[in-house]
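As a plain string of letters, each chain reads:
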Amino acid sequence: MEIHSSILAWKIPWTGEPRRIFTTLGCTPDMEKIEEQFANLNIVKRSSETKEPTYLLGIDTSKTVQTEKGSLVAVLCSNGSIRIHDKERLNVIREFRGYPGLNGVKFANSHDSVYSSCTDGTVKCWDARLASGKPVQLFKGYPSNIFISFDISSNDHVICAGTEKVDDDALLVFWDARINSQDLSTTKEPLGAYSETHSDDITQVRFHPSNPNMVVSGSTDGLVNVFDISADNEDDALVTTCNSVSSVSFIGWSGKDYKQIYCMTHDEGFCWWDLNHLDTDEPITCLNVPDVREVINVKEGILDYLIGGLYHEKTDKLFVVGGTNTGIIRIMNCMTSGLVHVTSLQGGHAATVRSFCWNMQDDSLLTGGEDAQLLLWKPGAVEKTFTKKDSMKIASSVHQRVRVHSNDSYKRRKKQ
């Protein structure tokens, strides 16, 4: 298979100031206010029962404003489907099937298209406004590609997907996501791929929130690579490589103008790097915690696993979100001195929480887990009367493609 590295020699323009999710009015809230805001999160709504209960593995919300219909929520389910919910009522509006298996879910930034990478070697795109179950676009990979991660650039021009390792290849594959009025074909071939920078499964891909040329990838090889895809070839595109020394489970951007990156690992480690220091003598590592469970001091309980990160742009603070096997959500403040437990959200989930989505505009939180529940939390809301659902067990076939958090090895180490 011939792979071309110099795939994005054409320049993707980045003009204007970085896109902001909010408008700054007055002074920035201090840390006490944001801690109080998190502590005051209460459940506003729970999703209703579905015919087929499934783990909720990923959540994203639409970026467009829909005054009549309200915001849409896309939820990736362990049965290989994406459910579209109304955000305020959490009722299921429609469902898209993407067998054999989907990985990740993401709304476009400027329209209501929903994307997911697929184990059949494609990235599929559905129109969330249409009831048709057929993808409106299909981004086809190279033979033997199995996509397990992906993202779309901030201007919706480029899609990048990461593959499982096949033979000696673990690829980052790129497509032009723009709709060409002269080419009405629904299937798109790749622009090319990067093939030299990862040696194992590429588990995470994240574009910069405002610069469409910048993308970061993470792998089970422990490497976190930052690329500038406007460069002429893969070697020149690689800005820096950071080593987490463990299999990467989550990566994200943080800091002013998003010039920091962070990652979590499958053995619950956390790493945080500052790209501002690449051209200075200062170390780029802000924090490296091999196992957060061993160092975090949680009030009234324990931490079993990490879920992801949350950069709070209004306060320029990075938070780490984790949980317990009984469904408690832990929120931790990330500082160069370490992680500090801020608050815990209880009474919502009855099992492991797999996914969350924070909305900076209304300070709401969506969470999903292994109890098949989608929950909407808002600060200061009055909790209504709900029946907490029991933990749910589903067929072991789910575990063939879904990595399940486990703290067994941690418990054994603590006993020694």
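The rules behind the values
- Residues numbered from 1 in each chain as written.
- Predicted model: local features only at pLDDT ≥ 70, side-chain atom pairs only at ≥ 80, totals over all residues.
- Heavy atoms only, no water.
- Helix = DSSP H or I, 4+ residues; strand = E, 2+ residues; numbered from the N terminus.
- Contact = heavy atoms within 4.5 Å.
- Areas by Shrake-Rupley, 256 points an atom, 1.4 Å probe, with all protein chains shown as cover.
- UniProt positions renumbered as here; feature names shortened; annotations may be inferred.
- Polar contact = N/O pair within 3.5 Å; in protein donor to acceptor, adjacent residues only side chain to side chain.
- Phe/Tyr/Trp six-rings, centres within 6.5 Å; stacked < 30°, edge-to-face > 60°.
- Buried < 20%, exposed > 50% of the residue type's maximum accessible area, 1.4 Å probe, protein only.
- Salt bridge = Lys/Arg side-chain N within 4 Å of Asp/Glu carboxyl O.
- Core = buried A, V, L, I, M, F, W, Y, C linked by side-chain atoms within 4.5 Å.
- 1 Å grid on protein atoms, 1.4 Å probe; cavity = no way out; pocket = protein on both sides within 12 Å on 5 of 7 lines; lining within 4 Å.
- Points joined across faces, edges and corners; volume = space filled by probe spheres on them.
- Nonpolar A, V, L, I, M, F, W, Y, C, P; charged D, E, K, R; others polar.
- Pairing = 2+ DSSP bridges.
- Axes fitted to C-alpha atoms, helices over the stretch in contact; angles between N-to-C directions.

- In the nomenclature of an unreviewed UniProt entry, the chain corresponds to WD repeat-containing protein 89 from the organism Bos taurus.

1. Overview of the overall build of the chain
Next up, step 1: The number of helices and strands found in the chain is 4 helices and 29 strands.
Next up, step 2: Of the contacts made within the chain by residues no fewer than 6 positions apart, 53% connect residues no fewer than 24 positions apart.
Next up, step 3: If you sum the accessible surface of the chain, you get close to 18,800 Å²; carbon and sulfur atoms cover 47% of it.

2. Looking at the UniProt feature "repeat: WD" (unreviewed entry) in the chain
Next up, step 1: UniProt records the feature "repeat: WD" (unreviewed entry) at residues 195-237 and 346-378, using the numbering of this structure.
Next up, step 2: End C-alpha atoms of residues 346-378 are separated by 14 Å, and the span's content is 0% helix alongside 55% strand.

3. What to know about the side chain of Thr-163
Next up, step 1: On the secondary structure map, Thr-163 appears in strand E11 (residues 158-163).
Next up, step 2: Of the polar contacts made by the side chain of Thr-163, one reaches the backbone nitrogen of Leu-171; its length is 2.9 Å.

4. Details of the packing of aromatic side chains
Next up, step 1: All told, the structure shown has 11 aromatic pairs when counted by the stated rule.
Next up, step 2: Ring centres 5.1 Å apart and planes at 40° place the aromatic pair Tyr-194 and Phe-227 in the tilted group. Note that Tyr-194 is positioned in strand E14 (residues 192-194) and Phe-227 in strand E17 (residues 223-228), a separation of 33 residues in sequence.
Next up, step 3: Classification of Tyr-194 by relative accessible area gives buried; the value is 1%.
Next up, step 4: Judged by its relative accessible area of 0%, Phe-227 falls in the buried class.
Next up, step 5: Three or more aromatic residues link up through ring pairs in this structure, and these residues are Tyr-115, Phe-139, Phe-147 and Trp-175.

5. A word on the pattern of salt bridges
Next up, step 1: Counted according to the given criterion, the structure contains 13 salt bridges.
Next up, step 2: One salt bridge in this structure joins Arg-83 and Glu-95, with 3.6 Å as the shortest N-O distance. Of this pair, Arg-83 sits in strand E4 (residues 81-86) while Glu-95 sits in strand E5 (residues 92-97), and the two are 12 residues apart along the sequence.
Next up, step 3: A salt bridge links Asp-127 to Arg-129, with the nearest nitrogen and oxygen atoms 3.0 Å apart.
Next up, step 4: The class of Arg-129 is partly exposed, set by a relative accessible area of 46%.
Next up, step 5: By sharing partners, the salt bridges in this structure join Arg-83, Glu-95 and Arg-97 into a single network.

6. With respect to the environment of Lys-165
Next up, step 1: Looking at where Lys-165 falls in the secondary structure, it is placed in the loop between E11 and strand E12 (172-176).
Next up, step 2: Separated by 20 residues in sequence, Lys-165 and Asn-145 have C-alpha atoms that sit 8.6 Å apart.
Next up, step 3: Discounting chain neighbours no more than four positions away, the residues touching Lys-165 are Ala-170, Ser-199, Asp-200 and Asp-201.
Next up, step 4: There is a polar contact of 3.5 Å between the side chain of Lys-165 and the backbone oxygen of Ser-199.

7. Focus on unusual backbone geometry
Next up, step 1: Residues other than glycine seldom take positive phi values, yet Val-245 does so here, at roughly 60°.
Next up, step 2: By the secondary structure assignment, Val-245 is in the loop between strand E18 (238-243) and strand E19 (248-254).
Next up, step 3: Classification of Val-245 by relative accessible area gives exposed; the value is 68%.

8. Quick word on the nonpolar core
Next up, step 1: Grouped together as the largest cluster of nonpolar side chains are 34 residues, with contacts concentrated most on Val-224, Ile-261, Phe-270 and Val-292.
Next up, step 2: If sequence neighbours within four positions are ignored, Val-224 has contacts with Val-216, Ser-217, Gly-218, Thr-240, Thr-241, Cys-242, Val-248, Ile-251, Ile-261, Cys-263 and Trp-273.
Next up, step 3: Counting 21 residues, the second-largest nonpolar core is a separate cluster that includes Leu-41, Val-342, Val-353 and Trp-377.

9. Things to note about empty space enclosed by the protein
Next up, step 1: One pass over the full model with this rule turns up 1 cavity of 30 Å³ or more.
Next up, step 2: As a volume, the largest cavity reaches approximately 80 Å³.
Next up, step 3: Of the residues contributing to the lining of the largest cavity, the split by class is 5 nonpolar, 4 polar and 3 charged.

10. Topic: the sheet that holds E4
Next up, step 1: Within the open sheet, the 4 strands sit side by side as E2-E3-E4-E5. Their pairing is antiparallel. Taken across any chain shown, the strands that pair with only one partner, and hence form the sheet edges, are strand E2 (56-61) and E5. Mean inter-strand twist for the sheet, computed between neighbouring axes without regard to direction, equals 20°.
Next up, step 2: Alignment of strand E3 (residues 72-77) against E4, held across 5 bridges, turns out to be antiparallel. Looking across to E4, one finds that Leu-72 is bridged to Asp-86.

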